[in-house]
Amino acid sequence: MTMSRSTLSDLCCLFCWPPCPSKIAAKIAFLPPEPTYSFQSDESGAKFQIVFSEKAEWQYTERDKDKIECFYARTQRGNKVACLFVRCSSSARFTLLYSHGNATDLGQMVSFYLGLGTRLNCNIFSYDYSGYGCSTGKPSEKNLYSDIDAAWQALRTRYGISPENIILYGQSIGTVPTVDLATRYEVGAVILHSPLMSGLRLIFPKTSRTWFFDVFPSIDKIPKVNSPVLVIHGMDDDVIEFSHGIAIYERCPRAVEPLWIEGAGHNDVELFAPYLDRLKQFVSSELEN
């Protein structure tokens, strides 16, 4: 779930010539791991079952795999993205559309999804970005937006879930497509876990404006989000500085009380007790009421 840091030589190459946004994005964001799962089709080729490798570190039983539905969704850019629907609760009102961090895939995340959804009484729908896991194509900023669009349409049409019962959850690089989608659809809520303002602000913290070649400009999009937004950030994050979370929070029109976790970094926020406590309060109390 970590983000790579550009070296000085990389940055010189970026700025000695007219910058290409896709190259900036590739250098600071995308670290797809070796796939930790595969989709195995039945005889008809219409249904799939997920098969984990040892690197997925599946933490539950074989029977629990029955709670996972997997399929492919086609994006408008021609890629196939792997999708999972994790049925964590038979009484769930909300479904989280979860966009994960950049150095992981669905195989590594699904145990976490099952545990989180069970504790929050929510189902979880997630997808792998183009070039990640079983998804085709290559990771890019444009593909991120296309990928989440395909996931959104699949969640709406395949499962018939209404927007007011969908919570968009983005973590790290996953906050980028989450914010973009939230500017176009009003949903039950949005959760931004370790968000970034923009690509250049990540590598040049003193950047105060959005340049034409910047990437992931969530700071300019967040004022257009009309759904309730919960921002979560570790105060000791050395990958996406805490200041990014504060800036995003301050520009949210409908921000709720944020969660700033003292002592938490970029990859361990979930290990701190306030993380789950705040999510439970938000989902089961604030949103239900």
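Model, not experiment: these values are computed from the prediction.

Undergrad: Hey, could you run me through helix H3 (residues 106-120) in this one?
TA: In an α-helix there are 3.6 residues to a turn, and that puts residues three or four apart on one side. Compared with the 21 Å implied by 1.5 Å per residue over 15 residues, the 19 Å span of H3 between its first and last C-alpha is a close match. Most of H3 sits inside the fold, with 11 of its 15 residues counted as buried. The complete set of buried residues in H3 reads Leu106, Gly107, Met109, Val110, Ser111, Tyr113, Leu114, Gly115, Leu116, Gly117 and Leu120. Near the N-terminus of H3, the side chain that reaches the backbone nitrogen of Gly107, with its oxygen 3.1 Å away, is that of Asp105. At the C-terminal side of H3, Asn121 shows a positive phi close to 55°.

Undergrad: Explanation requested: the confidence of the model for the protein in the structure shown.
TA: Predicted coordinates in areas of low pLDDT are best not read in detail. Looking at the protein as a whole, its pLDDT mean stands at 90, while 90% of the residues score no less than 70. Within the model, pLDDT remains below 50 along residues 1-18, and this stretch shows 44 contacts once partners closer than five positions in the same chain are excluded.

Undergrad: I would appreciate a short explanation of the pairing of strand E4 (residues 80-86) in the present structure.
TA: Regular strands place their side chains on alternate faces of the sheet. Within E4, 6 of the 7 residues are buried, which leaves the element mostly enclosed by the surrounding structure. Sheet topology places strand E3 (residues 68-74) next to E4; 7 bridges connect them, and they run antiparallel. Bridge pairing in E4 links Ala73 to Val81. Remark: 5 residues form the turn of the hairpin made by E3 and E4, two consecutive strands paired antiparallel; Gly78 in that turn has positive phi of roughly 90°. Of the strand pairs in this sheet, E4 and strand E6 (residues 123-127) are connected by 4 bridges, and their pairing is antiparallel. Bridged to Val86 within E6 is Ile124.

Undergrad: Just checking my understanding: could you explain the packing of H3 against helix H9 (residues 273-287) for this structure?
TA: Angle between the axes and distance between the axes: these two values describe a pair of packed helices. Running from amino to carboxyl end, H3 crosses H9 at an angle of 50°, the nearest separation of the two axes being 10 Å. The orientation of H3 with respect to H9, classified from their angle, is oblique. As H3 runs across H9, the sense of the crossing is right-handed. On H9, the residues touching Phe112, Leu116, Arg119 and Leu120 of H3 are Tyr275, Leu276, Leu279, Lys280 and Val283. Class assignment for the residues of the contact of H3 with H9 results in 7 nonpolar, no polar and 2 charged.

Undergrad: Looking at this structure, I do not really get the packing of aromatic side chains. What am I missing?
TA: For any pair of aromatic rings, the description consists of the separation of the ring centres together with the inter-plane angle of the planes. By the definition in use, this model includes 21 aromatic pairs. Their ring planes at 45° and their centres at 6.4 Å tell us that Phe71 and Tyr159 sit as a pair that is tilted. Here Tyr159 lies in helix H4 (residues 141-159) and Phe71 lies in strand E3, a separation of 88 residues in the sequence. Comparing Phe71 with Tyr159 shows no difference in burial state: the two are buried. Both rings, one in Tyr98 and one in Tyr169, keep their centres 4.3 Å apart while their planes meet at 10°; by these two values the pair is stacked. Taken together, the residues Tyr98 in strand E5 (residues 95-99) and Tyr169 in strand E7 (residues 166-171) connect sequence positions 71 residues apart. Overall, Tyr169 belongs to the buried group, its relative accessible area being 0%. An aromatic cluster is present here, built from Tyr37, Phe39, Phe48 and Tyr72 joined pairwise through their rings. The ring of Tyr72 is capped by Lys80, whose NZ or CZ atom sits 4.5 Å from the centre of that ring. Residue placement shows Arg158 over the ring face of Phe71; its charged tip is 3.9 Å from the ring centre.

Undergrad: For this particular structure, what's the right way to read the packing of H4 against helix H5 (residues 175-182)?
TA: Following both chains from N to C, one finds H4 and H5 inclined at 60°, their axes separated by 9 Å at the closest point. The handedness of the crossing between H4 and H5 comes out as right-handed. Together, Leu144, Tyr145, Ile148, Asp149 and Trp152 of H4 and Val176, Pro177, Thr178, Asp180 and Leu181 of H5 make up the contact between the two elements. Grouping the amino acids of the contact of H4 with H5 by side-chain chemistry returns 7 nonpolar, 1 polar and 2 charged.

Each value, and the rule that gives it
Residues numbered from 1 in each chain as written. Predicted model: local features only at pLDDT ≥ 70, side-chain atom pairs only at ≥ 80, totals over all residues. Heavy atoms only, no water. Helix = DSSP H or I, 4+ residues; strand = E, 2+ residues; numbered from the N terminus. Expected span 1.5 Å × (residues − 1). Buried < 20%, exposed > 50% of the residue type's maximum accessible area, 1.4 Å probe, protein only. Polar contact = N/O pair within 3.5 Å; in protein donor to acceptor, adjacent residues only side chain to side chain. pLDDT = per-residue confidence, 0-100. Contact = heavy atoms within 4.5 Å. Pairing = 2+ DSSP bridges. Axes fitted to C-alpha atoms, helices over the stretch in contact; angles between N-to-C directions. Parallel < 35°, antiparallel > 145°, perpendicular 65-115°, else oblique. Left-handed = near helix turned anticlockwise from the far one by under 90°. Nonpolar A, V, L, I, M, F, W, Y, C, P; charged D, E, K, R; others polar. Phe/Tyr/Trp six-rings, centres within 6.5 Å; stacked < 30°, edge-to-face > 60°. Lys NZ or Arg CZ within 6 Å of the ring centre and 35° of its normal.

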